Amino acid sequence: DTAVSQTPKYLVTQMGNDKSIKCEQNLGHDTMYWYKQDSKKFLKIMFSYNNKELIINETVPNRFSPKSPDKAHLNLHINSLELGDSAVYFCASSDGQGSYEQYFGPGTRLTVT
Amino acid sequence: GENVEQHPSTLSVQEGDSAVIKCTYSDSASNYFPWYKQELGKRPQLIIDIRSNVGEKKDQRIAVTLNKTAKHFSLHITETQPEDSAVYFCAAKPSSNDYKLSFGAGTTVTVRA
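These numbers come from a predicted model, not from an experiment. (Residues numbered from 1 in each chain as written. Chains lettered and ligands numbered in written order. Predicted model: local features only at pLDDT ≥ 70, side-chain atom pairs only at ≥ 80, totals over all residues. Heavy atoms only, no water.)

(A) Just the overall build of chain A, in detail. Within chain A, the regular secondary structure consists of zero helices and 11 strands. For chain A, the N- to C-terminal ordering of α and β elements is β-β-β-β-β-β-β-β-β-β-β. Overall, the C-alpha framework of chain A stretches about 40 × 25 × 25 Å when taken along its three principal axes. A burial count over chain A gives 45% of its 113 residues as buried. Long-range pairs, those at least 24 residues apart, make up 54% of the contacts in chain A with a sequence separation of at least 6. (Helix = DSSP H or I, 4+ residues; strand = E, 2+ residues; numbered from the N terminus. Buried < 20%, exposed > 50% of the residue type's maximum accessible area, 1.4 Å probe, protein only. Contact = heavy atoms within 4.5 Å.)

(B) Quick look at the state of the cysteines. Residue and element names in this part refer to chain A. Going through the model one piece at a time under the given rule, you end up with two disulfides over all chains. The disulfide partner of Cys23 is Cys91, and the gap between their sulfur atoms is 1.9 Å. Linking Cys23 and Cys91, the disulfide has an S-S dihedral of approximately -75° and is accordingly described as left-handed. With Cys23 in strand E3 (residues 19-25) and Cys91 in strand E9 (residues 87-94), the pair connects residues that are 68 residues apart, well separated along the chain. (Disulfide = S-S within 2.5 Å.)

(C) Examining the interface of chain B and chain A more closely. With 17 residues of chain B at the contact, the number on the chain A side is 24 residues. When chain B packs against chain A, close to 1,900 Å² is buried across both sides, 58% of that on carbon and sulfur atoms. When residues of chain B are sorted by the area they lose upon contact with chain A, Arg43(B), Tyr99(B) and Phe103(B) head the list and together hold 34% of the total. Inspection of the region where chain B meets chain A yields one salt bridge. A salt bridge links Glu58(A) to Lys100(B), with the shortest nitrogen-to-oxygen separation between them at 2.9 Å. In this structure, the connection of chain B to chain A is made through six residue pairs in polar contact (both at pLDDT 80 or more). Sorting the residues of the side of chain B that touches chain A by element identifies strand E4 (30-38), strand E5 (45-51) and strand E9 (86-94) of chain B as the ones contributing at least two each. Looking at the side of chain B that touches chain A, the element that brings in the most residues is E4(B), giving three residues. Within the side of chain B that touches chain A, the residues separate by chemical class into nine nonpolar, two polar and six charged. (Buried area = accessible area lost by both parts, 1.4 Å probe. Salt bridge = Lys/Arg side-chain N within 4 Å of Asp/Glu carboxyl O. Polar contact = N/O pair within 3.5 Å; in protein donor to acceptor, adjacent residues only side chain to side chain. Nonpolar A, V, L, I, M, F, W, Y, C, P; charged D, E, K, R; others polar.)

(D) Here's a closer look at the nonpolar core. Core analysis: the largest hydrophobic core is formed by 23 residues, its most contacted members being Ile21(B), Tyr25(B), Phe33(B), Trp35(B), Phe73(B), Leu75(B) and Tyr88(B). Breaking this core down by element, the ones donating at least two residues are strand E2 (10-14), strand E3 (19-25), E4, E5, strand E7 (62-67), strand E8 (72-77), E9 and strand E11 (107-112) of chain B. Counting residues in hydrophobic clusters, the runner-up holds 20 residues, among them Val4(A), Cys23(A), Leu74(A) and Val112(A). (Core = buried A, V, L, I, M, F, W, Y, C linked by side-chain atoms within 4.5 Å.)

(E) Here's a closer look at the pattern of salt bridges. In total, this model carries eight salt bridges over all chains according to the counting rule given. Notably, a salt bridge pairs Asp85(A) with Arg63(A), separated by 2.8 Å at the nearest N-O pair. With a gap of 22 residues between them, Asp85(A) in the loop between strand E8 (73-78) and E9 and Arg63(A) in the loop between strand E6 (53-57) and strand E7 (64-70) connect regions that are remote in the sequence. For the pair formed by Asp85(A) and Arg63(A), the shared burial category is buried. Taking the shortest distance from any N to any O, the salt bridge between Lys37(B) and Glu39(B) comes out at 3.5 Å. The exposure class of Lys37(B) is buried, given its relative accessible area of 16%.

(F) How the structure looks around unusual backbone geometry. In the segment running from Thr7(A) into Pro8(A), the intervening peptide bond is cis, with an omega of -5°. When you line up the elements, Pro8(A) lands in the loop between strand E1 (4-7) and strand E2 (10-13). Following His7(B), the chain continues to Pro8(B) via a peptide bond in cis, the omega torsion being -5°. You can see Pro8(B) is positioned in the loop between strand E1 (4-7) and E2. We note that Asn51(A) has phi near 50°; this positive angle belongs to a residue other than glycine. Examined against the element boundaries, Asn51(A) turns out to sit in the loop between strand E5 (43-50) and E6. Not every positive phi belongs to a glycine, and Ser80(A) is a case in point at roughly 45°. Among the structural elements, Ser80(A) can be located in the loop between E8 and E9.

Written as structure tokens, this is what we have:
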């Protein structure tokens, strides 16, 4: 009965590689998000999709590319990984219909070596 | 855009005492103010929220107060217990955007037994 799930949970890779993180929600929500949480615990919004349409696109290197094949899935692809990309990446979703609560996934800890 | 400042960054309290975390926001048009709790290694989860048409909201041992004039809101935890130890994040949502939350930097609360 996991509401928002992410894979993988841990990702260790070398600089320069390309990797993807997948997110799925079974809450029937219309809106999904990607957040980056750095070592100082700061939660920063990166992207948001509403019904497969990009609605939030913060100042993020264009090595990061989100893709939403349907409103239940939001993936994050990262090209040419750098040391500074090491962080925990959280996916979240909200129903956008008067309730603003965001439900977070368990996070993906990315370590770039 | 919205800027949310959160204080203190760390807070240590004796079990049974109260804990107070304060946040200020910059956008006077913001209309939704949630608080998220993140236990070590876990996902952020909503614990309480307040909308701009309400001055105070309480749920058992936690309460949130909002001062729109001063543009600040606070989280109050009474009778703290060891399980209250976590990182707490405040956030604000502008009325112009139903999807974007701007988070504070977080407060690490430690409850001493």
